[in-house]
Amino acid sequence: MILAASILSADFSRLAEDIARAERGGASVIHVDVMDGHFVPNITLGPPVVKSIRKATKLPLDCHLMIEDADRYLDAFVDAGADWVSVHVEAVPHLERAVAHLAKRGAKAGVVLNPATPLTTLEEILPELHHVLIMSVNPGFGGQSFLPSSLDKVRRLKAMIGARSLATRIEIDGGVHAGNVKEVVAAGVEIVVAGSAVFGEGDVTAAARRMIEASR
Ligand code: DX5
Ligand code: ZN
């Protein structure tokens, strides 16, 4: 299991320290939630903050774009230092163009599905993706409850990937904690995003370690 620590629940005035704590606890990816107040009812950060985070860690930055017209901002996030860039199927009409552009820019392209968006939307684009991000909450906020139907969605996605012998990785985002991470990994998830379970517990390093231990 790869733990992608979501800084949404970190202390934004001490991001570098919180990221270092998560890294000491075993997080190997930093998940950066970009929200625009339109696609989702919340606003977070943009490329300048990604650029600063880039200087604070060597870990891959996994930018989850919850923004309208995401195509317009792909270069800005890659230029700022994003290694992985995930765009929502629901927010990008020309998905092939966006994914091909990211690959051309050297970024690892991923596609995100909201809880009610079916896996069939991935059929054509799946071979082009580094990862698929399954939302296990409706995006916009940290600390929400895991939607149990996501587990079956992950199992069906794993079967889809296996049937086509693809290397696409499965990532999940929302409501994962030490109490359910084992089940999530057993369903076929390789990359687990966790915000409040890592940064909302006081001791960030211990919380990250606990997540990794609980996944085994
Ligand atoms: C929610 C974000 C998540 C968020 C998850 O829209 O995409 O990355 O940080 O938070 P937790 O892990 O607290 O559910
Ligand atoms: Zn996210």
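The structure under discussion appears in the preceding block.
This is a predicted model, so every value here is computed, not measured. (Residues numbered from 1 in each chain as written. Chains lettered and ligands numbered in written order. Predicted model: local features only at pLDDT ≥ 70, side-chain atom pairs only at ≥ 80, totals over all residues. Heavy atoms only, no water.)

S.K.: Would you mind showing me how to read unusual backbone geometry here?
M.R.: Most peptide bonds take the trans configuration, and most residues that are not glycine carry a negative phi. A positive phi angle, close to 50°, is found at Asp69, a residue other than glycine. By secondary structure assignment, the location of Asp69 is in the loop between β3 (61–66) and α3 (74–80). Judged by relative accessible area, which is 42%, Asp69 ranks as partly exposed. Here Ser165, not a glycine, exhibits a phi torsion of approximately 50°, which is positive. You can see Ser165 is positioned in the loop between α5 (149–163) and β7 (169–173). (Helix = DSSP H or I, 4+ residues; strand = E, 2+ residues; numbered from the N terminus. Buried < 20%, exposed > 50% of the residue type's maximum accessible area, 1.4 Å probe, protein only.)

S.K.: Help me understand helix α8 (residues 204–215) in this model?
M.R.: In an α-helix there are 3.6 residues to a turn, and that puts residues three or four apart on one side. For α8, which comprises 12 residues, the first-to-last C-alpha distance of 17 Å matches the rise-based estimate of 16 Å (1.5 Å per residue) to within 8%. Of all the positions in α8, only Val204, Thr205, Ala207, Ala208, Met211, Ile212 and Ser215 are classed as buried. Buried-residue contacts for α8 involve β1 (2–6), α1 (15–24), α6 (181–187), β8 (191–194) and α7 (196–199). Two or three places before Thr205, at the start of α8, stands the capping residue Asp203, its side-chain oxygen 3.3 Å from that residue's backbone nitrogen. (Expected span 1.5 Å × (residues − 1). Contact = heavy atoms within 4.5 Å. Polar contact = N/O pair within 3.5 Å; in protein donor to acceptor, adjacent residues only side chain to side chain.)

S.K.: Explain the coordination of the zinc ion (ligand 2) here, please?
M.R.: Note on metal geometry: ideal angles are 109.5 degrees for four donors arranged tetrahedrally and 90 or 180 degrees for six donors arranged octahedrally. Coordination of the zinc ion (ligand 2) by the protein is provided by His31 (NE2), Asp33 (OD), His64 (ND1) and Asp173 (OD), with metal-donor distances spanning 2.0 to 2.3 Å. In this structure, the zinc ion (ligand 2) is coordinated by 6 donor atoms arranged in octahedral fashion, with angles at the metal of 71 to 168°. Motif for the zinc ion (ligand 2), donor spacing along one chain: H-x1-D-x30-H-x108-D. Taken together, the residues His64 in strand β3 and Asp173 in strand β7 connect sequence positions 109 residues apart. Summarising the burial analysis for this pair, His64 and Asp173 share the class buried. (Donors = N, O, S within 2.8 Å, 3.2 Å for Na, K, Ca; no water. Tetrahedral: all angles 85-135°; square planar, octahedral: opposite > 155°, others 65-115°.)

S.K.: Help me understand the site of ligand 1, please; the structure alone is not making it clear to me.
M.R.: The full set close to ligand 1 counts 20 residues, and Ser6, Asp33, Gly140, Asp173 and Ser196 are the nearest of them. Between ligand 1 and the protein, one listed contact pairs an oxygen atom with a side-chain N or O atom of Ser6 at 2.7 Å. With respect to ligand 1, the backbone of Gly140 contributes an N or O atom lying 2.7 Å from an oxygen atom. In isolation ligand 1 offers 380 Å² of accessible surface; the protein chains occlude 100% of this area. Counting only elements with at least two residues in the shell around ligand 1, the list comes to β2 (29–35), β3 and β8. The element that contributes the greatest number of residues to the shell around ligand 1 is β2, accounting for 3 residues. (Near = heavy atom within 4 Å. Areas by Shrake-Rupley, 256 points an atom, 1.4 Å probe, with all protein chains shown as cover.)

S.K.: Teacher, can you tell me more about the side chain of Ser86 here?
M.R.: Within the element layout of this structure, Ser86 appears in strand β4 (residues 84–88). According to the relative accessible area criterion, Ser86 is buried, its value standing at 0%. Side-chain polar atoms of Ser86 contact the side chain of His131, separated by 2.8 Å.

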